[in-house]
Amino acid sequence: MSSCSADRFEVASTGRPIDPSPLLRDHTTLRVGGAADRFVVAGSEAELISIVTDCDERGVPVLILGGGSNLLVADAGFPGTVVRVANTGIEADVSACGGAAVRVAAGVDWDDFVAHAVAQEWCGIETLSGIPGSVGATPIQNVGAYGAEVAQTISSVRTWDRRDRAQKTFPVVDCGFGYRTSRFKREPGRYVVLEVSYQFTLGNLSRPIAYSELAGRLGVEVGARVDSRLVREKVLEIRRGKGMVLDPSDHDTWSAGSFFTNPILDADAAGALPDDAPRFPAGGGRVKTSAAWLIQHAGFSRGYGNARAALSGKHVLALTNRGGASAADLVEVAGQVRAGVAERFGVTLVPEVNLIGLELPEASS
Ligand SMILES: Cc1cc2nc3c(=O)[nH]c(=O)nc-3n(C[C@H](O)[C@H](O)[C@H](O)COP(=O)(O)OP(=O)(O)OC[C@H]3O[C@@H](n4cnc5c(N)ncnc54)[C@H](O)[C@@H]3O)c2cc1C
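Residues numbered from 1 in each chain as written. Predicted model: local features only at pLDDT ≥ 70, side-chain atom pairs only at ≥ 80, totals over all residues. Heavy atoms only, no water.

### Re the site of the ligand
Filter applied, for reference: We call a residue near a molecule or strand whenever a single non-hydrogen atom of that residue lies within 4 Å of it. Pairs of N or O atoms within 3.5 Å make up the polar contacts considered here, provided that, within protein, one atom can donate a hydrogen while the other can accept it, and that residues adjacent in sequence are counted only when both atoms are side-chain atoms. Methods summary: accessible areas were calculated by the Shrake-Rupley approach with a probe of 1.4 Å, and residue burial reflects only the protein chains presented. Numbering of helices and strands runs from the N terminus; a helix is a DSSP stretch of H or I covering at least four residues, while a strand is a stretch of E covering at least two.
Looking at the ligand, there are 34 residues lining it, with Ile64, Gly66, Gly67, Ser69 and Ser134 nearest. Backbone polar atom of Gly67 to an oxygen atom of the ligand: 2.7 Å apart, as the coordinates give it. Computed on the free molecule, the ligand has an accessible area of 980 Å², of which 94% lies beneath the protein chains in the complex. Secondary-structure elements contributing two or more residues to the shell around the ligand are β3 (62-65), β9 (144-145) and β13 (191-202).

### A short note on the environment of Ile90
Let me state the cut-off plainly: Using a 1.4 Å probe on the protein chains alone, a residue whose accessible area is under 20% of its type maximum counts as buried, one over 50% counts as exposed, and one in between counts as partly exposed.
Mapping Ile90 onto the fold places it in strand β6 (residues 90-95). Judged by relative accessible area, which is 4%, Ile90 ranks as buried. With 196 residues separating them in the primary sequence, Ile90 and Arg286 have C-alpha atoms 39 Å apart.

### Some words on the domain arrangement of the protein chain
Using the following cut-off: What fixes the domain bounds is an automatic or database domain assignment. The contact definition used throughout considers only heavy atoms, calling two residues in contact when any of these lie within 4.5 Å. When two parts are put together, the accessible area they lose, computed with a 1.4 Å probe and summed over both, is reported as buried area. A pair is scored as a salt bridge if a Lys or Arg side-chain nitrogen falls within 4 Å of a carboxyl oxygen belonging to Asp or Glu.
Each assigned domain of the protein chain is listed here: domain 1 (24-85), domain 2 (90-241) and domain 3 (251-356). The distance between the C-alpha centroids of domain 1 and domain 3 comes to 27 Å. Listed by partner, the interface residues are 13 residues for domain 1 and 18 residues for domain 3. Counting the surface lost from both domain 1 and domain 3, the interface buries some 1,300 Å², and carbon and sulfur atoms represent 60% of this. On the domain 1 side of the interface with domain 3, the three residues burying the most area are Leu30, Asn70 and Leu72, jointly 49% of the side's total. At the junction of domain 1 with domain 3, the criterion picks out zero salt bridges. For the interface between domain 1 and domain 3, the tally reads nine residue pairs in polar contact (both at pLDDT 80 or more). With three residues, strand β4 (residues 71-73) is the single largest residue contributor to the side of domain 1 that touches domain 3.

### With respect to the sheet that holds β3
Across a sheet, paired strands are connected by hydrogen bonds in the backbone, their directions being either parallel or antiparallel. Applied cut-off: What makes two strands pair is DSSP finding at least two bridges between them. All axes here are fitted lines through C-alpha atoms, helices being fitted over the stretch that makes contact, and every angle between N-to-C directions spans 0 to 180 degrees.
Pairing within the open sheet is parallel, and its three strands lie in the order β2-β5-β3. Edge strands, defined here as strands with exactly one partner in the open sheet, are β2 (36-42) and β3. Direction aside, neighbouring strands of the sheet carry axes that sit 20° apart on average. Two strands pair when backbone bridges link them, and β2 and strand β5 (residues 78-85) are joined in this way by six bridges, in the parallel orientation. If you follow Ala36 over to β5, its bridge partner there is Phe78. With respect to the sheet, helix α1 (residues 45-58) is in contact with β2, β3 and β5, its orientation differing from that of β2 by roughly 150°.

### Description of the confidence of the model for the protein chain
Test applied: Every residue is assigned a pLDDT by the predictor, reflecting its confidence on a scale from 0 to 100.
Model confidence for the protein chain is summarised by a mean pLDDT of 93, while 94% of its residues fall at 70 or above. Across residues 1-16 the pLDDT falls below 50, and counting only partners more than four positions away or on other chains, this stretch makes 30 contacts in the model.

Pasting the structure below:
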């Protein structure tokens, strides 16, 4: 006879009022972007599917919007329907043997969910504290920070497949997760994430701390396990120091987080970098280096840019709106940084941010 007990309960998620303004600058953390032809808030999964299907049948372009924290939208806006994902709800099956199997609606705020998981002693996402946006967007680029990524705790992702007009659920092994990528990102726009399922172990200790800066701030060795509440606190503290927690009064946080991904290079390209460039094994003989290091060593320091658009004063990897930036202003500075890195190191930086109706100028190395 099993000694496991199972509890099933529902938790209402934070309902935040959503401004129905069609201006994308009102819905993105970079605070730029013109109007959408139509802006709709989908408060339930059924609504989400119905709005998207209706647009698809009529050939109307669709932009799925979560928290707008990974988007740079053109000043001309979006020539179609923007659908803000706002379905909510968290459901958990918790058992002493099996841990917590948790299903979360795509529209739930990610950091509210992390705070909830830490409070419930569901272990595994505590180092992903403070990342803005929605749960449904996290599988798109396999959100990660401080040595963890969502791929480590996601068990499956339930989607609406716009091409086949059917619901499809992908177990984690079929999500194609990699560094800041997934099958959902590789086929942009095809899948609408409806719900994400996680499998957590139970307990108040974090996963082993894998990131040396975080271990140092916690005063432990890499590999140690620490009270998850303390890990969340420390991560939020570190992130605030880098302008990586949203704060309306701090222009260094008017960003989309890291603007570029860390480049993954083949052995020859990595070998051509200066000896002191960071190098981390990335599998298959490839090497990951640091975009921030390349930017700094190509001569771009914090604050580089102009009065409207500039690199953050706290972190060169974040491009920020200083108050009156247009999308064109941000693209100009991003283009200069990318061209400078290509010229100095022969590496073309790839945007992590999703560009809507925009392209960066070519960077020739
Ligand atoms: C200050 C700051 C710090 C950040 N720090 C990090 C970090 O540490 N690590 C990290 O990985 N990212 C970080 N980011 C980037 C961003 O927060 C994440 O990528 C986040 O997951 C985006 O969520 P969102 O809901 O805001 O997505 P949005 O910006 O609204 O959308 C991003 C993309 O996902 C698509 N999308 C959104 N929801 C769905 C859905 N339900 N179904 C299908 N497609 C969807 C959109 O169409 C778009 O292509 C940071 C951003 C900011 C502003």
